[in-house]
Amino acid sequence: MAKYIARLRDKIKIKKFDSKQPIGAWIFVLILNLVGFAGYFYLKINNIQLVS
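Here's a quick rundown of the structure. Keep in mind that what you see is a predicted model, and the values were worked out from it rather than measured. Counting of residues starts from 1 at the beginning of each chain's written sequence and follows it residue by residue. Per-residue local features are limited, in this predicted model, to residues with pLDDT of at least 70; the limit for side-chain atom pairs, both in listing and counting, is 80 or more; totals at the level of whole chains, interfaces and linings are taken over all residues. Side-chain measures were taken over the full set of non-hydrogen atoms in the model, leaving aside hydrogen atoms and water.

**Some words on the packing of aromatic side chains**
Pairing of aromatic rings covers Phe, Tyr and Trp, the last through its six-membered ring, and needs centres within 6.5 Å; plane angles under 30 degrees mean stacked, over 60 mean edge-to-face, and all others mean tilted. Here the structure, examined in full by the defined rule, presents 1 aromatic pair. Plain terms: the ring middles of tyrosine 40 and phenylalanine 41 are 5.3 Å apart, the flat faces sit at 65° to each other, and that makes the pair edge-to-face.

**Topic: helix 2 (residues 23-45)**
Where helices and strands are cited, they refer to DSSP runs of H or I of at least four residues and of E of at least two residues respectively, numbered from the N terminus. Working rule for helices: expected span equals 1.5 Å times residues minus one. The terminal C-alpha atoms of helix 2, which comprises 23 residues, lie 33 Å apart, in line with the 33 Å expected from a rise of 1.5 Å per residue. Immediately downstream of helix 2, the backbone of asparagine 47 shows phi near 55°, a positive value.

**Side note on a nonpolar patch on the surface**
Excluding any residue in a salt bridge, patches collect residues exceeding 30% relative accessible area, merging like charges within 9 Å and nonpolar Val, Leu, Ile, Met, Phe, Trp and Tyr side chains within 5 Å. Values of accessible area rely on a 1.4 Å probe in the Shrake-Rupley scheme; residue burial ignores everything except the protein chains shown. Every case where a carboxyl oxygen of Asp or Glu lies within 4 Å of a side-chain nitrogen of Lys or Arg is listed as a salt bridge. Together, Met1, Tyr4, Ile5, Leu8 and Ile12 line one region of the surface with nonpolar side chains, adding up to about 560 Å² of accessible area. In this fold, isoleucine 12 is placed in helix 1 (residues 2-12). The exposure class of isoleucine 12 is exposed, given its relative accessible area of 61%. For every residue, the accessible area obtained with a 1.4 Å probe (protein chains only) is divided by the maximum for its type, and the residue is called buried under 20%, exposed over 50%, and partly exposed between those limits.

Encoded structure:
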């Protein structure tokens, strides 16, 4: 049981970001997510359903 808890703790631990990763890609992903959430709320506010 102790080994299981140790492995689970290692998997959950927040890792440091790699400085070699392109920051532009992360910015693009964040902006794309914000646009998606904004679209979702726009559809909800205007009572538009995408179900056929």
